[in-house]
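Summary of structural features
For reference, the chains in residue letters:
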Amino acid sequence: MIIQNVDFIEYFNKNSIENCLNLFYYHIRYIMDHFIPKIQIRESEYPKWFSKELRTLIKQKKIPHNIYKYSNNITNYQKFSNLRTKCKHLRHRDYTLHIQISQNAVKSNPKLFWEFVNENNKNSHKLPNTMSYLDKEVNNGNDIIDIFNELWNINYKTAIGPDEISPLFLKKCAFLLTPAITSLFNKYFSRTMEILIYNPDFQKKQQMLNKQLLSYI
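Residues numbered from 1 in each chain as written. Predicted model: local features only at pLDDT ≥ 70, side-chain atom pairs only at ≥ 80, totals over all residues. Heavy atoms only, no water.

Let's shift gears to the side chain of D94. By the secondary structure assignment, D94 is in helix α4 (residues 74–105). Owing to a relative accessible area of 5%, D94 belongs among the buried residues under this scheme. In terms of polar contacts, D94 uses its side chain to reach the side chain of S51, at 2.7 Å. (Helix = DSSP H or I, 4+ residues; strand = E, 2+ residues; numbered from the N terminus. Buried < 20%, exposed > 50% of the residue type's maximum accessible area, 1.4 Å probe, protein only. Polar contact = N/O pair within 3.5 Å; in protein donor to acceptor, adjacent residues only side chain to side chain.)

Under the criterion given, the structure shown has three salt bridges. Notably, a salt bridge pairs E53 with R93, separated by 3.4 Å at the nearest N-O pair. Of this pair, E53 sits in helix α3 (residues 52–71) while R93 sits in helix α4, placing them 40 residues apart in sequence. Classification of R93 by relative accessible area gives partly exposed; the value is 37%. Residues D94 and R93 are paired through a salt bridge, measuring 2.9 Å at the closest nitrogen-oxygen approach. Bridged by salt links that share partners, the residues E53, R93 and D94 form one connected network. (Salt bridge = Lys/Arg side-chain N within 4 Å of Asp/Glu carboxyl O.)

Before going further, it helps to spend a moment on the environment of S51. Along the chain, the position of S51 falls in the loop between α2 (17–35) and α3. Put simply, S51 and D94 are 43 residues apart on the chain and 6.5 Å apart in space, counted from C-alpha to C-alpha. Those residues in contact with S51, other than ones at most four positions away along the chain, are R93 and D94. Polar side-chain contacts of S51 include one of 3.4 Å to the side chain of R93. (Contact = heavy atoms within 4.5 Å.)

F8, F12, F24, I28, F169, L177 and L184 are the most contacted members of the largest nonpolar core, which has 15 residues in total. For this core, the element with the most residues is α2, which contributes seven residues. Ranked by size, the runner-up nonpolar core spans nine residues in total, among them F50, L54, L57 and C87. (Core = buried A, V, L, I, M, F, W, Y, C linked by side-chain atoms within 4.5 Å.)

Bringing the packing of aromatic side chains into the picture now. Under the counting rule described, the total for this entry stands at 11 aromatic pairs. Between the aromatic rings of F185 and F189, the centroid separation amounts to 6.2 Å while the plane-to-plane angle is 25°, which identifies the pairing as stacked. Within this pair, F185 and its partner F189 are both found in helix α8 (residues 174–197), separated by four residues, close to a single helical turn. On the basis of relative accessibility, which here comes to 48%, the residue F189 falls in the partly exposed class. Where Y188 meets F189, the ring centres are 5.7 Å apart and the plane angle is 65°; that geometry is what we call edge-to-face. (Phe/Tyr/Trp six-rings, centres within 6.5 Å; stacked < 30°, edge-to-face > 60°.)

All we've got here are geometric facts, nothing functional implied.
Structural data, given as structure tokens:
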């Protein structure tokens, strides 16, 4: 699949902003997956914060449990039960340590922050509507960006956002992606204006503003 052959603008003109964004990300992901070299790492069946001790104990726990299922020997069940209790204790210890390390490292390493967010938010790619930092609580996009900037002193030329797309990738592919991104922005703003125009509250405010303006004429 060659991205030059994709007529984004024609597709964007005929489809919803959600479908347009999905198509755009689909092609971006396709390029990244097929043409950007990666180191293949075997995915563990355990969360990365599981300690080696906990993983070993989990494997050991399975042995008496399997034996018990076939033998119904209470001794094997007791072994399994004891190991399960130890696993729960270690799991709590490891997770608490993981949270502490993440909280301490997040200020100096934005990548860890996004990994933590994505790990705990697997069913949704959205951030909370309200976020807080120190004594500040914010609930709109610009203010959220400001507190991230205050937290990390972000260099927006190199920082990777929650979509995990490198700005360097966008820069190098700008000659291909600029028309599509421009069309996406235009479609988004057009949709936003349509929502505002047909919103009764917006219409009332606009009428009040018009009356105020007329009063000055």
